[in-house]
Amino acid sequence: MEKRILLEKRGRTDDQITELILDNCRSTYIDGLTDNFTALETLSLINVGLVSLKNFPKLINLRKLELSDNRISNSLSHLVGSPKLTHLNLSGNRIKDFDELKPLQNLENLEVLDLFNNQVTLVENYRDKIFQLLPSLKYLDGFDKDFAEAPSDDEEIVEEEDTCEDSDDVSLAYLYNDDLEEDQEDWKSVEGDYNQGDDDSDSDDEEGIENCEVEEASSDGPREDDEETEDNDDDSEEAPTDATETGPGANRAPGDAGDSRKKAVVSDVRGKKRKLDGTDSDG
């Protein structure tokens, strides 16, 4: 076991180790594990061959301890030096009665306990007695008092992350989220400026179109005037030709011509009457 611990440390000091996996390293007792592992939170000793927990160190920050598939029958009192322990797996050992479990009453933070494949599980009202013995316990062999299933390890990790986010400590995730929010705000401002620029350009285009329409309308006006002036010029040009053709009488109206004819007829009639009067006077 001591050689395995040296291998798992990988050049780090004892107080830098937070997790130590020593599964399947054959030993009947604790060897090489000391109180110097002050930062250790997770310790796994699955299928090692332990018959006792003698020499188990005081691990003040230990929270999860895996001791399944060993030959432990007693000496659980050596775990009292780990007051923060919340998860303890003793399945597949040789614990026979409740007296061997009584030292666990000193672990006030113990919430999860596994005792599968121990003879003590065959005792009548085993679950009720364990929950009565350990008031802090929430889950026994994977279920609570009402047989509701315990959350999986992944769900526990999510809960731990949520608690970390709620704490006062600034985490990388918190900083990342802040940076992301700032980037989103910057993008929104840039997008707003871009949209404003599009609106301004659209309004400029609309003003340009209106100005073009006004110019076209103003340009169409003089053209009509020009056409009218051209028509007047054509009429003025045609008038002299008519005058030249009609001569001096072109300016006389039809009514004047009729009057002159009437006067001529009257004068003729008067002349004839005078002649008749003369003949009558002579005869």
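The structure contained in this document is the topic of the report that follows. (Residues numbered from 1 in each chain as written. Predicted model: local features only at pLDDT ≥ 70, side-chain atom pairs only at ≥ 80, totals over all residues. Heavy atoms only, no water.)

## Focus: the overall build of the protein chain
For the protein chain, the helix and strand inventory stands at 5 helices and 6 strands. From first element to last, N terminus to C terminus, the protein chain shows the α and β order α-β-β-β-β-β-α-β-α-α-α. Counting over 283 residues, the protein chain shows a buried share of 24%. Considering only residue pairs separated by 6 or more positions, the protein chain has 37% of its internal contacts joining residues 24 or more positions apart. Of the roughly 19,900 Å² of accessible surface on the protein chain, 47% is carried by carbon and sulfur atoms. (Helix = DSSP H or I, 4+ residues; strand = E, 2+ residues; numbered from the N terminus. Buried < 20%, exposed > 50% of the residue type's maximum accessible area, 1.4 Å probe, protein only. Contact = heavy atoms within 4.5 Å. Areas by Shrake-Rupley, 256 points an atom, 1.4 Å probe, with all protein chains shown as cover.)

## As for the sheet that holds strand E2 (residues 42-44)
Pairing within the open sheet is parallel, and its 6 strands lie in the order E1-E2-E3-E4-E5-E6. Only two strands of the sheet have a single partner each, and these edge strands are strand E1 (19-21) and strand E6 (139-140). Across 2 bridges, the pairing between strand E5 (residues 112-114) and E6 is parallel. Looking across to E6, one finds that valine 112 is bridged to tyrosine 139. (Pairing = 2+ DSSP bridges.)

## Concerning the nonpolar core
Ranked by size, the top nonpolar core spans 42 residues in total, and within it Leu43, Leu88, Leu101, Leu104, Leu113, Leu115 and Ile130 carry the most contacts. At 4 residues, helix H2 (residues 126-133) tops the list of elements feeding residues into this core. (Core = buried A, V, L, I, M, F, W, Y, C linked by side-chain atoms within 4.5 Å.)

## A short note on the packing of aromatic side chains
By the definition in use, this model includes 0 aromatic pairs. One Lys or Arg, arginine 127, reaches over the ring of phenylalanine 147 and ends 4.6 Å from the middle of that ring. (Phe/Tyr/Trp six-rings, centres within 6.5 Å; stacked < 30°, edge-to-face > 60°. Lys NZ or Arg CZ within 6 Å of the ring centre and 35° of its normal.)

## Considerations on the pattern of salt bridges
Once the charged atoms of two side chains with opposite charge are near each other, the side chains can pair. The full count for this structure, using the stated rule, is 4 salt bridges. One salt bridge connects glutamate 8 with arginine 4, and the closest N-O pair in it is separated by 3.2 Å. Taken together, the residues glutamate 8 and arginine 4, both in helix H1 (residues 2-9) and 4 residues apart, mark about one turn of the helix. Judged by its relative accessible area of 23%, arginine 4 is partly exposed. Linking lysine 9 and aspartate 14 is a salt bridge whose minimum nitrogen-to-oxygen distance equals 2.6 Å. What makes lysine 9 buried here is its relative accessible area of 15%. With a relative accessible area of 18%, aspartate 14 lands in the buried category. (Salt bridge = Lys/Arg side-chain N within 4 Å of Asp/Glu carboxyl O.)

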